[in-house]
Amino acid sequence: MKVLVTGGAGFIGGVTGRALQAAGHEIAVFDDFSTGHDWACQGMRVYRGDIRDRSALDKAFGEFLPDAAMHFAAKAVVPESVSNPGLYYDVNVVGSLRLLEAMRVAGCRKIVFSSSAAVYGTPAITPIDEESRQHPINPYGRTKKQFEEALEDARPADGLSYACLRYFNACGAAPEWGLGEVREHETHLVPLVIRAAATGKPFTIWGTDYETRDGTCVRDYVDVRDLADAHVLALERLRPGEGGAYNLGSGQGTTVREVVSSVGRVMGKKVPFVDGPRRAGDPASLVASCSKARRYLGWTPGRSLDDSIRAVAEFLRSRGG
Ligand code: UFG
């Protein structure tokens, strides 16, 4: 298939673009490079543009004539969504609706959308399945939920087929493709712990008094290469007029202290840290039930947290970090 990958210069979009190519698909990247990197899409056909810009989208659809879109482009930092919600609604909702309209006009009827566990908010029951109550607790989660709803409305009206993939905590890297997480201001746990091990400078554990087995938050860390595999499967299994949402996690809950121990063990280094207060908006525990993705997509996340840590360490070494 020919696939237009919005946000294909970013972390998950970049790895998925390579996985699509490896599976025999032809891709073009659409990215504004606000957080993406040129090196992430080297040798690929690239359209530089903002998803809010209909003329840039129309050019890409008109020239490349994709059969499907994979839509990663988004603002995705939860605290920033709280301090600047307008930007998040503008990019994640208005921009995504422009993409949908450009698809409709171009006759492109398939989309795989990067959604998030943030659509659930604080779960009543763990593990979380796709039928769990959706009550996002921040603007980021609300923007993802709103575009999921727009897709479901467009499905019968426009003859669209879609898969919404709700990621839990993406981590890891794809050093074999020279790809990994590089952000100007990193806030995610796994890269921060690895950096602390490498530099000897401590990171802060946000909250040690949660009702969990060691007092720190439990999250479901899923490897980016497993996520990329799920995207390829979701695209290839999409039937006309079909729509669905799938949780993508490992199904395993890991505490912050357990991440610290894993990084220490895998890297053979002591990880310096300090205990800090809770971070606003952090639920105690978020763990996915992934049985729907296993059943309908035939997806099995095969990489462990140790595999992800090894991949990040190798990626950072290859960049001289
Ligand atoms: N944490 C620390 N210290 C840090 C950074 C994080 O203790 O320096 C803790 C957090 O408090 C949290 C855990 O590590 O308990 C994971 O935090 P991340 O910031 O890595 O990830 P989040 O769980 O907050 O959010 C991630 C994505 C969101 C997505 C969400 C869905 O970043 O986009 O998962 O589960 F919405």
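Residues numbered from 1 in each chain as written. Predicted model: local features only at pLDDT ≥ 70, side-chain atom pairs only at ≥ 80, totals over all residues. Heavy atoms only, no water.

J.: Mind laying out the packing of helix H6 (residues 189–199) against helix H8 (residues 256–267), listing which residues take part and the relevant values?
T.: Contact geometry for H6 and H8: axes closest at 10 Å, N-to-C directions at 45°. Regarding the angle of H6 to H8, the classification is oblique. In terms of crossing hand, the pair formed by H6 and H8 is right-handed. Contacts from Leu189, Val190, Val193, Ile194 and Ala197 in H6 reach Val256, Val259, Val260, Val263 and Met267 in H8. Taken together, the residues of the contact of H6 with H8 sort by class into ten nonpolar, no polar and no charged. (Axes fitted to C-alpha atoms, helices over the stretch in contact; angles between N-to-C directions. Helix = DSSP H or I, 4+ residues; strand = E, 2+ residues; numbered from the N terminus. Parallel < 35°, antiparallel > 145°, perpendicular 65-115°, else oblique. Left-handed = near helix turned anticlockwise from the far one by under 90°. Contact = heavy atoms within 4.5 Å. Nonpolar A, V, L, I, M, F, W, Y, C, P; charged D, E, K, R; others polar.)

J.: Please set out the side chain of Thr255 residue by residue, giving values where relevant.
T.: The topology assignment puts Thr255 in strand S12 (residues 254–255). The exposure class assigned to Thr255 is buried, which follows from its relative accessible area of 0%. Here Asp214 takes part through its side chain, which lies 2.7 Å from a polar atom of the side chain of Thr255. Dropping the residues within four chain positions of it, Thr255 is found in contact with Arg213, Asp214, Thr216, Cys217 and Val218. (Buried < 20%, exposed > 50% of the residue type's maximum accessible area, 1.4 Å probe, protein only. Polar contact = N/O pair within 3.5 Å; in protein donor to acceptor, adjacent residues only side chain to side chain.)

J.: How would you sum up unusual backbone geometry? Please name residues and give values.
T.: The peptide bond linking Thr126 to Pro127 adopts the cis configuration, its omega dihedral lying at -5°. Tracing the chain through its elements places Pro127 in the loop between strand S5 (110–116) and helix H5 (139–158). The phi angle at Leu65 is positive, at roughly 50°, despite the residue not being glycine. For Leu65, the position within the fold is in the loop between helix H2 (54–64) and strand S4 (68–71).

J.: Could you give me a rundown of the packing of aromatic side chains, with the residues and numbers involved?
T.: Scanning the model with the defined rule gives three aromatic pairs in all. Taken together, a centroid distance of 6.2 Å and an interplanar angle of 40° make the contact between Trp39 and Phe315 tilted. Placement of the pair is Trp39 in the loop between strand S2 (26–31) and strand S3 (45–48) and Phe315 in helix H10 (residues 305–318), with a sequence separation of 276 residues. Relative to Phe147, the ring of Phe113 lies with its centre 4.9 Å away and its plane at 75°, an arrangement referred to as edge-to-face. Pair noted here: Phe113 is in strand S5 and Phe147 is in helix H5, with a separation of 34 residues, a long-range link. Each member of the pair Phe113 and Phe147 is classed as buried. Lying across the ring of Phe64, Lys2 places its NZ or CZ 4.9 Å from the centre. For the cation-ring pair, Arg278 lies above Tyr210, with the distance from its terminal atom to the ring centre recorded as 4.0 Å. (Phe/Tyr/Trp six-rings, centres within 6.5 Å; stacked < 30°, edge-to-face > 60°. Lys NZ or Arg CZ within 6 Å of the ring centre and 35° of its normal.)

J.: Describe in detail H6, supporting the description with residues and values.
T.: Here H6 has its buried residues at Leu189, Val190, Pro191, Val193, Ile194, Ala196 and Ala197. Those residues of H6 hidden inside the fold are in contact with strand S7 (169–171), strand S8 (203–206), strand S10 (221–223), H8 and H10. After H6 finishes, the residue Gly200 shows a positive phi value of roughly 80°.

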